[in-house]
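What follows is each chain in one-letter form.
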Amino acid sequence: MLTTDIKRVEPERILLETDLEKKTAMMQYLAQECRVDVMDIRHDKGTGHWGGAASAAELLVALYFHVLDVKPDEPRWPDRDRLVISKGHASCMIYTVLAKRGYFPVAELNTFRQLNSRLQGHPCMNKVPGVEMSTGALGHGMSVTLGMALAARVQNKKYWSYVLIGDGDLNEGETWEGIMSAAKFKPERFVALVDYNKVQLDGPSEEIMPLDPLPEKFTAFGWNVAPKIFNGHQVSDIIESMDWIQQQDQWPVVVIYNTHKGRGVSFMEDNYKWHGAPVDDGAYVKSRPELLDTLSELKVPL
Ligand SMILES: Cc1ncc(C[n+]2csc(CCOP(=O)(O)OP(=O)(O)O)c2C)c(N)n1
Ligand SMILES: [Mg+2]
């Protein structure tokens, strides 16, 4: 269940904040607050994926609260920016961020993965407002988002098309077909963001299917690759990367973020065993205080 024992940042205040430094601090706090909520929901329901959810917290918050031009009360607004989250197993975090952004009531998070809830283990675009594409089977996000970017070109629209992929996605052949096709068609405002935590479902990427040198691979495939790898857990770093993206005119663009699977709980971080294992009472009482400690250390103008 969502709890009342933590200080919460008012999402509306983040959206209205004009001082970027303050807004950044609020988003950093919100990302950690979302981790606490995801941990609570996962413990309560005994299901869901922690690793990939915790990995993407800051990226999702920065995107929905700072980058994307969207209208939660009109989710299918034709000119909205698109974000396809190809790692659909991070659903609990996706729903938590979408709810706080105003797509549906936060209380609905308490129905996560229950019978008749629309918030199922993998997000469904036909049921959940704000979900741009049903994902969960890895490997589709790149090519689907490429299609959205090409549709913008055909329709003379100026929206941005972002795809968020994990390293597991990059093991899929269809992802590389999309990467090749994107380099051929070069659609404007098409951006891939890599949540590069280097761990997958049952082991490190290095053992399952090595991806390095990843930036060089994208360059060789004809992409405009960000000049450095950014810190995907530092909202200020994410904003810097987004500023860089805005200045580009060579498409497609890719930014790689260093992240940690399971970020926020020492014994779960970088450990594939916490990819999707249920959080039992023992793990919960050890992990929640760690999340709360970090939350209380974050300086936020509440
Ligand atoms: C096509 C396909 N194969 C296998 C799976 C099972 N699966 C779910 S998540 C996952 C690993 C994902 O790893 P990654 O993309 O690195 O995500 P993250 O580390 O961010 O959780 C796998 C293999 C799947 N969902 N789809
Ligand atoms: Mg991974």
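Described below are features of the structure shown in this document. Quantities reported herein were computed from a predicted structural model and do not represent experimental measurements.

## What to know about the pattern of salt bridges
Scanning the model with the defined rule gives 15 salt bridges in all. Between Lys 100 and Glu 33 there is a salt bridge, and its shortest N-O distance comes to 2.8 Å. Residue Lys 100 is found in helix 5 (residues 91-101), and its partner Glu 33 is found in helix 2 (residues 20-45); the two are separated by 67 residues along the sequence. In this structure, Glu 188 engages Arg 153 in a salt bridge whose closest nitrogen and oxygen atoms are separated by 3.3 Å. With Glu 188 in the loop between helix 7 (173-185) and strand 3 (190-196) and Arg 153 in helix 6 (residues 141-154), this residue pair connects regions lying 35 residues apart in the sequence. Overall, Glu 188 belongs to the partly exposed group, its relative accessible area being 30%.

## Comments concerning empty space enclosed by the protein
Inspection of every chain in the model, using the stated rule, returns 2 cavities of 30 Å³ or more. The calculated volume of the largest cavity comes to roughly 90 Å³. Lining the largest cavity are 14 residues, and of these Pro 75, Arg 80, Tyr 103, Gly 130 and Glu 132 sit closest to its centre. Class assignment of the residues belonging to the lining of the largest cavity gives a composition of 8 nonpolar, 1 polar and 5 charged. Estimated volume of the second largest cavity: approximately 60 Å³. Contributing to the lining of the second largest cavity are Tyr 64, Leu 83, Ile 85, Ile 94, Leu 98, Pro 123, Gly 130, Val 131, Glu 132, Met 133 and Thr 135. In terms of residue class, the lining of the second largest cavity is made up of 8 nonpolar, 2 polar and 1 charged.

The rules behind the values
- Residues numbered from 1 in each chain as written.
- Chains lettered and ligands numbered in written order.
- Predicted model: local features only at pLDDT ≥ 70, side-chain atom pairs only at ≥ 80, totals over all residues.
- Heavy atoms only, no water.
- Salt bridge = Lys/Arg side-chain N within 4 Å of Asp/Glu carboxyl O.
- Helix = DSSP H or I, 4+ residues; strand = E, 2+ residues; numbered from the N terminus.
- Buried < 20%, exposed > 50% of the residue type's maximum accessible area, 1.4 Å probe, protein only.
- 1 Å grid on protein atoms, 1.4 Å probe; cavity = no way out; pocket = protein on both sides within 12 Å on 5 of 7 lines; lining within 4 Å.
- Points joined across faces, edges and corners; volume = space filled by probe spheres on them.
- Nonpolar A, V, L, I, M, F, W, Y, C, P; charged D, E, K, R; others polar.

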